[in-house]
Amino acid sequence: MSGKPPGNTPTSLWGGRFTGGPAEIMHRINASIDVDRRLYAEDIAGSKAHCAMLVAQNILSPQDGAAIGAGLDQIKSEIDSGRFAFSAEREDIHMNIEGRLAELIGPVAGRLHTARSRNDQVATDFRMWLRSAIDRLDAAMRDLQAALIDRAEAEAATVMPGYTHLQIAQPVTLGHHLLAYVEMLGRDRGRLADGRRRLNESPLGAAALAGTSFPIDRHRTAAALGFDRPAANSLDAVSDRDFAIEFVAAAAIAGTHLSRFAEEVVIWCSGEFGFIALSDAFTTGSSIMPQKRNPDAAELVRAKTGRLNGSVVALLTIMKGLPLAYGKDMQEDKVPVFEAVDALELALAASAGMVRDMRPDRERMHAAAESGFATATDLADWLVRVAGLPFRRAHHATGKIVKRAEELDCSLGMLPLAELQAIEPSITSDVYDLLGADHSVASRTSFGGTAPDRVRAAAQEARKRFLG
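Everything numeric here is computed off the predicted structure, so don't read it as measured data. (Residues numbered from 1 in each chain as written. Predicted model: local features only at pLDDT ≥ 70, side-chain atom pairs only at ≥ 80, totals over all residues. Heavy atoms only, no water.)

A.B. asks: Help me out: how do you make sense of the nonpolar core in this one?
C.D. replies: Across soluble globular proteins, you tend to see nonpolar side chains buried next to one another. If you look at the biggest cluster of nonpolar residues, it comprises 94 residues, and the most contacted ones within it are L130, F247, V337 and L344. Broken down by element, the residue count for this core peaks at 16 residues, all from helix α10 (residues 242–269). Apart from residues lying up to four places away in sequence, V337 is in contact with F126, W129, L130, A244, F247, V248 and L315. Counting 18 residues, the second-largest nonpolar core is a separate cluster that includes A394, A397, C410 and L420. (Core = buried A, V, L, I, M, F, W, Y, C linked by side-chain atoms within 4.5 Å. Buried < 20%, exposed > 50% of the residue type's maximum accessible area, 1.4 Å probe, protein only. Helix = DSSP H or I, 4+ residues; strand = E, 2+ residues; numbered from the N terminus. Contact = heavy atoms within 4.5 Å.)

Right under this line is the structure:
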């Protein structure tokens, strides 16, 4: 079925080329206002900068420029206050604003579109919106880093097991463990900052794809909108979505880091571990099991990674087969980016809240660090450092000692000296001084190590590097 949609004229957007209206389903699939209405502030800012440039270049009269500027200010006020009536019949945010501008100031509103296209307009709006979103996300990541650093300083000497393969490996401190995520977030912030620098070129003035014959000043509009420079190639300016792909990829990596932390929170809250507890603020109960306290905030952070990963695949798939320049496919580019920003903002806020909320069970962590023969590496290192054994021989001897302790169902520190010497005669009673978790942690004084003094110093350095 074809025909014009109610209340619309068939030539309202496309001019004299079309005499019939679109099919109803075409009208529905073509409209994007429910998504791109988020771009309204950027669209109005871009239009005002474009208008000011047209006046400065004597392309538009000062009187028309003033009328357009006042009308755009009124439209922004209407949208800000919730009084603006968005219309699907006007397709997108650009035509909703332009249509309302025409209602306010009459035919002069049509002069605003001189020397630009919706192609360069949306590309400009999108970059500006994402630029602001990156700034918000960077602040949220910084806040999470601050929470982690504060907690790391408070738990610099809290001994806990370190794991590989989720098997007890060596004792570490909780502070050291949390600082690992500070480093991950630092790299995440670096990726966002790198992407922000690359996206900060203005497409405005590239028009549909080939530039314009009007004597515009693209450097002026770029500067007015906070861009470093105008995009150098008009074809690339309207068809590039590298900046969006790069963002969702960086967001997915950050989400993976948050998901790893969330998984540890889930594990640590379990009855089997019991390393930390979360308050009512970040847990929920069960509809049937009254004893339950579920770490739902952590589980939902973990799940948000699926949305972030999906955004990468969606955007890559949208762009993968498009010839230059613009294709309507690109209308679908904003959904994955908007969803990625929303998901990552929520995950960061929830993660910072959990870090500040968590209550460690230091005694339980310490007891776990003393189990599982976590100081076996310390014994092997002692055999190398004190007894002078080659490391491979020391490793082999320590493995046999661990096996003997398992047979006797005791810790390494509880093995009689005779049992130790039966396996490696060079062992003396001095070895018992290092078979505790506290000694093991304190001995790891190398740069980046887990010794409490090293952790405190690392936290202070991280505070300067990331928060200063």
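A.B. asks: I tried to follow the packing of aromatic side chains on my own but got confused; where do I start?
C.D. replies: Ring pairs (aromatic) are described by centroid distance and by the angle formed between their planes. Applying the stated criterion across every chain yields a total of seven aromatic pairs. Geometrically, the ring pair formed by Y163 and F273 is tilted, given 6.2 Å between the ring centres and 50° between the ring planes. Taken together, the positions of Y163 in strand β1 (residues 159–164) and F273 in the loop between α10 and β5 (276–277) put the pair 110 residues apart, joining distant regions of the chain. On the basis of relative accessible area, Y163 is assigned to the partly exposed category, the value being 25%. Three or more aromatic residues joined by ring pairs make a cluster, and in this case those are F126, W129, F243 and F338. (Phe/Tyr/Trp six-rings, centres within 6.5 Å; stacked < 30°, edge-to-face > 60°.)

A.B. asks: Would you mind going over the packing of helix α6 (residues 118–154) against helix α12 (residues 334–357) with me for this structure?
C.D. replies: Two elements in contact, α6 and α12, have axes separated by 9 Å at closest approach and are oriented at 15°. With respect to α12, the axis of α6 lies roughly parallel. Handedness of the crossing formed by α6 with α12: left-handed. A class-by-class count of the residues in the contact of α6 with α12 yields 19 nonpolar, one polar and seven charged. (Axes fitted to C-alpha atoms, helices over the stretch in contact; angles between N-to-C directions. Parallel < 35°, antiparallel > 145°, perpendicular 65-115°, else oblique. Left-handed = near helix turned anticlockwise from the far one by under 90°. Nonpolar A, V, L, I, M, F, W, Y, C, P; charged D, E, K, R; others polar.)

A.B. asks: Would you explain a nonpolar patch on the surface in this entry?
C.D. replies: On the surface, I25, M26 and I29 cluster together into a nonpolar patch covering about 310 Å² of accessible area. Assignment of secondary structure puts M26 in helix α1 (residues 24–30). (Patch = residues over 30% accessible without salt bridge, like charges linked within 9 Å, V, L, I, M, F, W, Y side chains within 5 Å. Areas by Shrake-Rupley, 256 points an atom, 1.4 Å probe, with all protein chains shown as cover. Salt bridge = Lys/Arg side-chain N within 4 Å of Asp/Glu carboxyl O.)

A.B. asks: Please clarify how unusual backbone geometry should be interpreted in this entry.
C.D. replies: Across the junction of L324 and A325, the peptide omega takes the value 10°, indicating a cis bond. Its location among the elements puts A325 in the loop between α11 (296–319) and α12. Not every positive phi belongs to a glycine, and A115 is a case in point at roughly 65°. By relative accessible area, A115 is classed as buried at 9%.

A.B. asks: Sorry if this is basic, but what is going on with the confidence of the model for the chain here?
C.D. replies: Caution applies to low-pLDDT parts of the model: their predicted coordinates are not meant to be read in detail. This prediction gives the chain a mean pLDDT of 92; 94% of its residues lie at or above 70. pLDDT under 50 marks residues 1–11. Its contacts with residues more than four places away, or in other chains, come to 19 contacts. (pLDDT = per-residue confidence, 0-100.)

A.B. asks: What am I meant to see in the pairing of β1 here?
C.D. replies: For a regular strand, the rule is simple: side chains alternate between the two faces of the sheet. Note that β1 and strand β2 (residues 167–173) share six bridges and pair antiparallel. In the sheet register, Y163 faces β2, and the bridge partner there is I168. (Pairing = 2+ DSSP bridges.)

A.B. asks: What's the story with the pattern of salt bridges in this structure? I'm lost.
C.D. replies: A side chain with one charge may pair with a side chain of the opposite charge, provided their charged atoms come close. The final tally for this structure, using the stated rule, is 33 salt bridges. Residues joined in a network through salt bridges with shared partners are E78, R90, R100 and E103.

A.B. asks: How do you make sense of the packing of helix α3 (residues 40–56) against helix α4 (residues 62–80) when you look at a structure like this?
C.D. replies: In a packed pair of helices, the relevant descriptors are the angle between the two axes and the axis-to-axis distance. For the pair α3 and α4, interaxial distance at closest approach is 9 Å and the crossing angle is 170°. Judged on the interaxial angle alone, α4 and α3 are roughly antiparallel. Contact with α3, carried on its side by Y40, A41, I44, S47, K48, C51 and V55, involves P62, G65, I68, L72, D73, I75, K76, I79 and D80 of α4 and no other residues of that element. Here the residues of the contact of α3 with α4 are counted per class, giving ten nonpolar, two polar and four charged.

A.B. asks: Which parts of the structure should I look at to understand helix α15 (residues 391–408)?
C.D. replies: A turn of α-helix holds 3.6 residues, and therefore any two residues three or four places apart point the same way. With 18 residues, α15 extends 25 Å between its outermost C-alpha atoms, agreeing within 8% with the 26 Å of an ideal straight helix rising 1.5 Å per residue. Listed in full, the buried residues belonging to α15 are A394, A397, T398, I401, V402 and A405. Axial view of α15: buried residues confined to an arc of 145°, hence all on one face. Turned more than 90 degrees off the buried face of α15, the exposed positions are R392, H396, K403 and E406. On the buried face of α15, the contacting elements are α14 (376–385) and α16 (417–423). Positioned one or two residues after α15, D409 has a phi angle of 55°, which is positive. (Expected span 1.5 Å × (residues − 1). Arc of directions from axis to C-beta.)

A.B. asks: Any chance you could explain the environment of K304 here in plain terms?
C.D. replies: Relative to the helices and strands, K304 resides in helix α11. As for K304 and D342, which are separated by 38 residues in sequence, their C-alpha atoms are 9.7 Å apart. When near neighbours in sequence (up to four residues on either side) are disregarded, K304 contacts A343 and L346.

A.B. asks: Explain the environment of E42 to me, please; I cannot follow it from the model alone.
C.D. replies: Examined against the element boundaries, E42 turns out to sit in helix α3. On the basis of relative accessibility, which here comes to 12%, the residue E42 falls in the buried class. Remark: the alpha-carbon pair of E42 and R127, spanning 85 residues in sequence, is separated by 9.0 Å. E42 has contacts with D125, M128 and W129, leaving out every residue within four places of it along the chain.

A.B. asks: Would you explain the side chain of H50 in this entry?
C.D. replies: With respect to the helices and strands, the residue H50 is situated in helix α3. Taking the relative accessible area as the measure of exposure, H50 reaches 1% and is therefore buried. Ignoring sequence-local partners within four residues, the contact set of H50 consists of L112, T114, A115, R116, L204 and T221.

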